[in-house]
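Below are the chains, spelled out letter by letter.
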Amino acid sequence: MFKERCVIEENKKIAPGHYSIRLRSSKISKKSKPGQFVQVLCSDSYEPLLPRPFSFLDVDKNSFSFLYQVVGKGTKILSALKRGDEVSILGPLGQGFSLKNAKSIVLVGGGVGIPPLYHWAKECVTKLKVSAKNIHVFLGARDKSLLLCEKEFKKLGVHFYAATDNGSRGHKGFVTELVGEHLDRTTSVGGKNSAPDVVRMYTCGPTPMLKAVSALAKKYDVSCEVSVEVPMACGFGACLGCAIKVKKDDGHRFAIACCEGPVFQAKEILWD
Ligand code: FES
């Protein structure tokens, strides 16, 4: 991991209340993996004091980007920064997504959980040589303006499915309803496919959605990786503020999400 002052190359609004920022750093971009994150100190003053975690959206040789939603003081300060300004960054941090044999990949995202899934889809298509035809992306949002990265996913050539609360794009209702129908058609448990696919799922977004996707993974006996969203004060295992409950033998233990995650196997996590 590196600690760097990174120059902003671009910081632009991409949806209501949502921004995309690109920063220069060849060190961080070369080492980053989909699902990992950076800790961003939004201001040089003591307010806000703590850095904020953001997962990578995209990387190239000399720069990386992430998406953020303006929700408080830190992200408001970040949204006002311009090209040429500098930000303190720590990263890359955490453990990202992994790929084992799979005939079909299913990505389920919502809100600011969508960017790491785009990064992962791009890596699967461009570096891991997974055919875009075997990648199914399901995004959920309140309305169509918040279906982040829709254009970018479509450009990759993957199958794209949307669900919105108000029906302004795609299915009206929960994205997990669409995912359930898809798993019914493609898995052996669903039983509607005579030659079922080996499916691997990946999900990132609001916790109720992660819980629902994990339940589907269990029901259809599909391997699933979940990127959890938890507050992270340090990002490298020092404050223990990001602990989540995971299974251990017949009981449980607390896992440090910033180091052991943020990506976990769905079957490991205890959601209660
Ligand atoms: Fe401090 Fe994980 S954020 S230990």
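Summary of the structure given here. Computed from a predicted structure; not experimentally measured.

1. Examining the overall build of the protein chain
- Within the protein chain, the regular secondary structure consists of 7 helices and 16 strands.
- Against the 2.2 N^0.38 benchmark of 19 Å for 272 residues, the protein chain shows a C-alpha radius of gyration of 18 Å, consistent with a compact globule.
- With the principal axes as the frame, the protein chain shows a C-alpha extent of 60 × 45 × 35 Å.
- Within the protein chain, the fraction of its 272 residues that count as buried is 50%.
- In the protein chain, the proportion of contacts linking residues at least 24 apart, taken out of those at least 6 apart, comes to 62%.
- For the protein chain, the exposed surface amounts to about 13200 Å²; the carbon and sulfur share of it is 52%.

2. Let's talk about unusual backbone geometry
- The residue after Gly-91, namely Pro-92, is reached through a cis peptide bond having omega -5°.
- Within the element layout of this structure, Pro-92 appears in strand β7 (residues 86-93).
- Unusually for a residue other than glycine, Asp-221 sits at a positive phi of about 55°.
- Mapped onto the elements, Asp-221 comes out in the loop between α6 (207-219) and β13 (223-227).
- Residue classification places Asp-221 among the exposed positions, given a relative accessible area of 68%.
- A positive phi is found at Leu-240, a non-glycine position, where the angle reads about 60°.
- Its location among the elements puts Leu-240 in the loop between β13 and β14 (243-248).

3. Regarding the side chain of Ser-63
- In this fold, Ser-63 is placed in strand β6 (residues 63-69).
- A polar atom in the side chain of Ser-63 sits 2.8 Å from the side chain of Asp-60.
- Setting aside residues no more than four positions away along its own chain, Ser-63 makes contact with Glu-9, Arg-22, Leu-23, Arg-24, Ser-25 and Ser-29.

4. Some words on the sheet that holds strand β1 (residues 2-15)
- Overall, antiparallel pairing links the 7 strands, which are arranged β4-β3-β7-β1-β2-β6-β5 in an open sheet. At either margin of the open sheet sits one strand with a lone partner, and together these are β4 (52-55) and β5 (58-59).
- Bridge count between strand β3 (residues 37-41) and β7: 4 bridges; the pairing is antiparallel. Directly across from Phe-37, in β7, lies its bridge partner Leu-93.

5. Observations regarding α6
- With 13 residues, α6 should cover 18 Å at 1.5 Å per step; its first-to-last C-alpha distance of 18 Å lies within 8% of that length.
- Listed in full, the buried residues belonging to α6 are Met-209, Leu-210, Val-213, Ser-214, Leu-216 and Ala-217. Down the axis of α6, the buried side of the element spans an arc of 160°, and every buried residue falls inside it. Turned more than 90 degrees away from the buried face of α6 sit Pro-208, Lys-218 and Lys-219, all of them exposed.
- Contact partners of the buried residues in α6: β8 (104-110), α5 (175-186), β12 (199-204) and β13.
- Looking one or two residues beyond α6, the residue adopting positive phi is Asp-221, at roughly 55°.

6. Side note on the pairing of strand β2 (residues 18-24)
- Counting buried residues along β2, 5 of its 7 residues qualify, which places the element largely inside the surrounding structure.
- A loop of 2 residues connects β1 with β2, the two strands running antiparallel in sequence, and Gly-17 in this loop sits at a positive phi of about 75°.
- Examined bridge by bridge, β2 and β6 share 7 bridges and lie antiparallel to one another. Note that in β6 the partner of His-18 across the bridge is Gln-69.

Criteria and cut-off values
Residues numbered from 1 in each chain as written. Predicted model: local features only at pLDDT ≥ 70, side-chain atom pairs only at ≥ 80, totals over all residues. Heavy atoms only, no water. Helix = DSSP H or I, 4+ residues; strand = E, 2+ residues; numbered from the N terminus. Rg over C-alpha atoms; globule rule 2.2 N^0.38 Å. Buried < 20%, exposed > 50% of the residue type's maximum accessible area, 1.4 Å probe, protein only. Contact = heavy atoms within 4.5 Å. Areas by Shrake-Rupley, 256 points an atom, 1.4 Å probe, with all protein chains shown as cover. Polar contact = N/O pair within 3.5 Å; in protein donor to acceptor, adjacent residues only side chain to side chain. Pairing = 2+ DSSP bridges. Expected span 1.5 Å × (residues − 1). Arc of directions from axis to C-beta.

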